[in-house]
Amino acid sequence: QVQLVESGGGLVQPGGSVRLSCVGSGLTFSSYAMSWYRQAPGKERELVADISSIGGSTKYADSVKGRFTISRDNAKNTVYLQMNSLKPEDTAVYYCNARSWRILWGQGTQVTVSS
C-alpha cells in the first residue's frame, strides 16, 4: 500500500518551533521530489517548500524563507519541515506531497500557532 503519513503538528506559541515529518511507504522514496503544502481555513492550498529527489535543490515560498527548512533522509523514507519563528498566519493543515510519474498526498497534520 502506497502512502504518505505526516506527523509532528500541534499547538505552538508564536515565535516557537515545530518539526513535521512525513514517512513514505510502498514507493521508491528516493525517486520522488517531495514538497510541503499548507491550507488555511478559507484559503487555497499553497506550496510551502520543495526538495529534489536527492536533496540537492530546495525552494521556499517567500512567506517562509529564512524561517522554514525542508530536508529529507532517503534511508528513512522521510521528509522533514523544520518550522521556526512561527507566526499565527502559519496556522494551517500541512500536507506532504510526492511527485514523480505520479502525485501522492498525505492526509495532513494540523499546525496551530496561537498564544
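Please refer to the structure placed before this passage.
The paragraphs below set out a description of the structure included in this document. All values reported here derive from a predicted model rather than from experimental measurement. Residue numbering note: each chain is counted from 1, following its sequence as written. Restriction of local features to residues with pLDDT of at least 70 applies here, the model being predicted, together with a cutoff of 80 or more for giving and counting side-chain atom pairs; totals for whole chains, interfaces and linings are based on all residues. No hydrogens and no water enter the side-chain calculation; it runs on all heavy atoms of the structure.

**Regarding the overall build of the protein**
- For the purposes of this entry, the term helix denotes a DSSP run of H or I that reaches at least four residues, the term strand denotes a run of E that reaches at least two, and both are numbered from the N terminus. When its secondary structure is counted, the protein shows zero helices and 11 strands.
- Reading the protein from its N end, one meets helices and strands in the order β-β-β-β-β-β-β-β-β-β-β.
- In terms of overall dimensions, the protein is globule-like: its C-alpha atoms have a radius of gyration of 13 Å, near the 13 Å expected for 115 residues.
- For the protein, the C-alpha atoms occupy an extent of roughly 40 × 25 × 25 Å along the three principal directions. Radius of gyration means the value over C-alpha atoms here, while the globule rule gives 2.2 Å times the residue count to the 0.38 power.

**Quick notes on the state of the cysteines**
- Note on terminology: disulfide denotes any pair of cysteine sulfur atoms within 2.5 Å. By the definition in use, this model includes one disulfide.
- Here cysteine 22 is linked by a disulfide to cysteine 96, with a sulfur-sulfur distance of 2.1 Å. Looking along the S-S bond of the cysteine 22-cysteine 96 disulfide, the torsion reads about -80°, which is the left-handed sense. Taken as a pair, cysteine 22 in strand 3 (residues 18-25) and cysteine 96 in strand 9 (residues 92-99) lie far apart in primary sequence, 74 residues in all.
- Assessed through its relative accessible area of 0%, cysteine 22 is described here as buried. Accessibility here uses a 1.4 Å probe with only protein chains present; expressed as a share of the type maximum, an area under 20% marks a residue as buried, one over 50% as exposed, and anything in between as partly exposed.

**Looking at the sheet that holds strand 8 (residues 78-83)**
- Here we have four strands laid out as an open sheet, ordered 1-3-8-7, and antiparallel in their pairing. Among the strands making up the open sheet, the edge pair consists of strand 1 (3-7) and strand 7 (68-73). Here the average twist between neighbouring strands, direction ignored, is 15°.
- At least two DSSP bridges between two strands are required for those strands to pair. Examined bridge by bridge, strand 1 and strand 3 share five bridges and lie antiparallel to one another. When the sheet's bridge partners are listed, serine 7 is paired in strand 3 with serine 21. Under this scheme, a helix contributes an axis fitted over its contacting stretch, all axes are lines through C-alpha atoms, and angles between N-to-C directions fall in the 0 to 180 degree range.

**Let's talk about the environment of tyrosine 37**
- For tyrosine 37, the location among the structural elements is in strand 4 (residues 33-39).
- Here the alpha-carbon distance between tyrosine 37 and leucine 11, two residues 26 residues apart in the chain, equals 18 Å.
- Residue contacts follow a heavy-atom distance rule, with two residues in contact if any of their heavy atoms lie within 4.5 Å. If we skip the residues at most four places from it in the chain, tyrosine 37 touches Arg45, Glu46, Leu47, Val48, Val93, Tyr94, Tyr95, Asn97 and Trp105.

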